[in-house]
Amino acid sequence: MAATTDAAPPRLTVIGTGYLGATHAICMAVLGFDVLGVEIDQSKVDRLNSGTVPFFEPGLPELLVKALDSGRLRFTTSFAEAAEFGDVHFLCVGTPQQQGSEAADLRYVDAAATELARHLHRRTLVVGKSTVPVGTAARLTELVQRIAPAGDQVELAWNPEFLREGYAVDDTLRPDRLVFGVTSAWAEAQLRAAFAPVIARDTPVVVTDLTTAELVKVAANSFLATKISYINAMAEVCEATGGDVTGLAEALAYDDRIGGRFLRPGLGFGGGCLPKDIRAFAHRAEELGVGQAVAFLREVDGINQRRRARTADLVRELAGGDLTGVRVTALGAAFKPNSDDIRDAPALDVATTLHRLGAHVTVVDPAATDNARRSFPELAYGTDALSAAAGSDVVVLLTEWNEFRLIDPEAMGAVVGRRRIVDGRHALDPVKWRAAGWEYRALGRP
Ligand code: UDX
């Protein structure tokens, strides 16, 4: 195989085809690169090769078909084939929270790096994209160079990924910035070639060392989590004082230095990234002897958890103090709208709490019902908001899907048993709902 030259774009492999990897592989092929996706799960490989995205992500199915039709994208289970094919290998496997610990579980990253390294016979760049504890890239460099037949001809780089579920395609094709953690000019050149079409769109590139690149990701997610918990802490203060957190947030957002993004109060953050990333960061900082510097992240986590408990409390209050036998309609299961992801979903946390407290909970979600049913078979599931709410004693909005925002309070009022609603996401207009005879309650509002 010809070595990479300035004229020939590098051939890419993407190892791991979850949200991050599948999106990266598909988008890179759409941008014109030859891409081989690597996945140990044969059924996922078969689905992707036949044009099916194994998760919900707007816009991605169309791009998968386009990429497959172009002949520039394929998926395989073979690391040997990947090593032979690729000039630049992206590691995109998951780093979930360890069972019984707050630390990140690195077994998939280590396994993928080891398996790939075994087959690397020539000069190549291995690029980590997964979110990892600081220090992992240095450790993997040693591991990969020890195992690879090409030895220190194999270099490691870190290129953190900031994609949001629901906007994954756009965040990949038009990211706010690219971060390249590298140890040589050659590695930087490889990465610049691998992202040439993205860089050509005037995307800022920050070139730095491996450690800083690893830290950027956890620092960004910690900041976002802190911003959300900050406004939710203000909601707690509003609850004690009679203030209105939505007016407070609006007023803060007009200050350019603060800004309104990630300042939406409500049930708080969940998903496969923010909760586990702040815990893993706090844990790693403690290991490194700088735990005090990020001790506030435990508080951020605590505030976030309290929002879930408080939402369940509001439902109980509206139900008259006792949830035994109370029929609750829970609008939402996904951790956020436009996603079928239920990892650490605040909505399902609240729904299961209500169930434990004796309520009969029926959950409705436009995309996440199948996933939710598999994990929480004890809950009942409806097909749409209106039919699920028939005879309901309390409705609680937990994920702000657009179709829930658009519910007509009169139409829903006609089917429920009692017109009582908790708006866990500040997604509804209280004036409209109260005018339709609903008892309306929301976190941090009078
Ligand atoms: C996040 C980061 O945004 C992304 O950069 C990173 O790569 C992965 O983690 P994601 O998990 O897809 O992305 O979700 P995001 O859109 O960031 O929302 C996270 C959670 O915060 C959701 O549960 C959302 O409902 C909640 N949220 C967000 C709020 O409660 N208030 C806000 O103002 C914003």
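The structure displayed is predicted, hence computed values, not measured ones. (Residues numbered from 1 in each chain as written. Predicted model: local features only at pLDDT ≥ 70, side-chain atom pairs only at ≥ 80, totals over all residues. Heavy atoms only, no water.)

**Side note on unusual backbone geometry**
For Phe262, which is not glycine, the phi torsion reads 60° and is therefore positive. Relative to the helices and strands, Phe262 resides in the loop between helix H11 (245-253) and helix H12 (274-287). Here Phe262 falls in the partly exposed class, since its relative accessible area comes to 30%. Residues other than glycine seldom take positive phi values, yet Asn338 does so here, at roughly 65°. Within the fold, Asn338 resides in the loop between strand S9 (327-331) and helix H14 (346-356). Note on Asn338: relative accessible area 31%, which makes it partly exposed. (Helix = DSSP H or I, 4+ residues; strand = E, 2+ residues; numbered from the N terminus. Buried < 20%, exposed > 50% of the residue type's maximum accessible area, 1.4 Å probe, protein only.)

**Here we look at the pattern of salt bridges**
Once the charged atoms of two side chains with opposite charge are near each other, the side chains can pair. Throughout the structure, instances matching the rule amount to 34 salt bridges. Salt-bridge contacts for Glu287 lead to Arg284; the nearest nitrogen and oxygen are separated by 2.6 Å. Within this pair, Glu287 and its partner Arg284 are both found in helix H12, separated by three residues, close to a single helical turn. For Asp370, the salt bridge is made with Arg373, and the minimal N-O distance between the two is 3.7 Å. One end of the pair, Asp370, and the other, Arg373, are both in helix H15 (residues 369-375), three residues apart, so they sit about a helical turn from each other. (Salt bridge = Lys/Arg side-chain N within 4 Å of Asp/Glu carboxyl O.)

**Examining the site of the ligand**
Lining the immediate surroundings of the ligand are 20 residues, of which Phe162, Glu165, Arg264, Phe335 and Lys336 lie closest. Contacts to the ligand include Leu263, whose backbone N or O atom sits 3.3 Å from an oxygen atom. Here the shell around the ligand takes four residues from helix H10 (residues 210-241), the largest share from any one element. Taken together, the residues that form the shell around the ligand break down as 10 nonpolar, three polar and seven charged. (Near = heavy atom within 4 Å. Polar contact = N/O pair within 3.5 Å; in protein donor to acceptor, adjacent residues only side chain to side chain. Nonpolar A, V, L, I, M, F, W, Y, C, P; charged D, E, K, R; others polar.)

**Brief notes about the domain arrangement of the protein chain**
Domain annotation for the protein chain reports domain 1 (12-208), domain 2 (218-300) and domain 3 (307-442). Here the C-alpha centre of domain 2 lies 29 Å away from the C-alpha centre of domain 1. Together domain 1 and domain 2 conceal approximately 990 Å² of surface at their shared face, both sides included; 53% is due to carbon and sulfur atoms. Here domain 1 and domain 2 share one salt bridge between them. For Arg298, the salt bridge goes to Glu102, with nearest N and O atoms at 2.1 Å. Across the contact surface, domain 1 and domain 2 share five residue pairs in polar contact (both at pLDDT 80 or more). The class makeup of the residues in the side of domain 1 that touches domain 2 is six nonpolar, five polar and three charged. (Domains from an automatic or database assignment. Buried area = accessible area lost by both parts, 1.4 Å probe.)

**Some remarks on the sheet that holds S9**
Across a sheet, strands are paired by hydrogen bonds formed along the backbone, either parallel or antiparallel in direction. Here we have six strands laid out as an open sheet, ordered S11-S10-S9-S12-S13-S14, and parallel in their pairing. The two strands at the open ends of the sheet, each matched to only one other strand, are strand S11 (380-381) and strand S14 (439-442). Those strands touched by H14 are S9, strand S10 (360-364) and strand S12 (394-397), and its axis lies near 160° from that of S10. (Pairing = 2+ DSSP bridges. Contact = heavy atoms within 4.5 Å. Axes fitted to C-alpha atoms, helices over the stretch in contact; angles between N-to-C directions.)

**Description of the packing of aromatic side chains**
The relative placement of two aromatic rings is captured by the distance of their centres and the angle of their planes. Overall, the coordinates contain five aromatic pairs when judged by the stated rule. With a centroid separation of 4.3 Å and an interplanar angle of 45°, the aromatic rings of Tyr19 and Phe55 are classed as tilted. Of the two residues, Tyr19 is situated in helix H1 (residues 19-30) and Phe55 in the loop between helix H2 (42-49) and helix H3 (60-70); the sequence distance between them amounts to 36 residues. Per residue, the accessibility class of Tyr19 equals that of Phe55, and both read buried. Arranged with centres 5.6 Å apart and planes meeting at 35°, the rings of Phe180 and Phe195 form a pair that is tilted. (Phe/Tyr/Trp six-rings, centres within 6.5 Å; stacked < 30°, edge-to-face > 60°.)

**What to know about the environment of Phe262**
Spatially, the C-alpha atom of Phe262 lies 5.6 Å from that of Ile228, the residues being 34 residues apart in sequence. Each residue touching Phe262, except ones within four places of it in the same chain, is listed here: Leu224, Lys227, Ile228 and Leu274.

**As for the pairing of strand S2 (residues 35-38)**
With burial as the criterion, each face of S2 is covered, one bearing Val35 and Gly37 and the other bearing Leu36 and Val38. The pairing of strand S1 (residues 12-15) with S2 spans four bridges and is classified as parallel. Its bridge partner lying in S2, Leu12 is registered against Val35. Crossover S1 to S2 through H1 is right-handed. In terms of strand pairing, S2 meets strand S3 (residues 73-76) through four bridges, oriented parallel. Residue pairing across strands places Val35 opposite Leu73, the latter belonging to S3. (Right-handed = clockwise from strand over helix to strand, strands pointing away.)

**Quick word on the packing of helix H13 (residues 296-318) against H14**
Axis separation between H13 and H14 bottoms out at 9 Å; the angle between their running directions is 45°. Classified by the angle between their axes, H13 and H14 sit oblique to one another. The two elements H13 and H14 cross, and the hand of that crossing is right-handed. Across from Gln305, Arg308, Thr311, Ala312 and Val315 in H13, the residues of H14 making contact are Pro346, Asp349, Val350, Thr353 and Leu354. When grouped by side-chain class, the residues that make up the contact of H13 with H14 number five nonpolar, three polar and two charged. (Parallel < 35°, antiparallel > 145°, perpendicular 65-115°, else oblique. Left-handed = near helix turned anticlockwise from the far one by under 90°.)

**Here we look at the side chain of Thr76**
Structurally, Thr76 can be placed in strand S3. Of note is the side chain of Thr76, whose polar atom sits 2.8 Å from the side chain of Glu81. When residues no more than four places from it in sequence are discounted, the contact partners of Thr76 are Leu36, Gly37, Val38, Glu39, Val45 and Glu81.

**Points about the nonpolar core**
By size, the foremost hydrophobic cluster in this structure holds 52 residues, and its most contacted members are Leu354, Val361 and Met412. Mapped onto this core, the elements with two or more residues apiece are H13, S9, H14, S10, helix H16 (385-388), S12, strand S13 (420-423) and S14. Looking at this core, the element that brings in the most residues is H14, giving five residues. If near-sequence neighbours (up to four positions away) are discounted, Leu354 is found in contact with Ala312, Val315, Leu323, Val328, Ala359, Val361 and Val396. Grouped together as the second largest cluster of nonpolar side chains are 42 residues, Leu12, Val35, Ala67 and Leu191 included. (Core = buried A, V, L, I, M, F, W, Y, C linked by side-chain atoms within 4.5 Å.)

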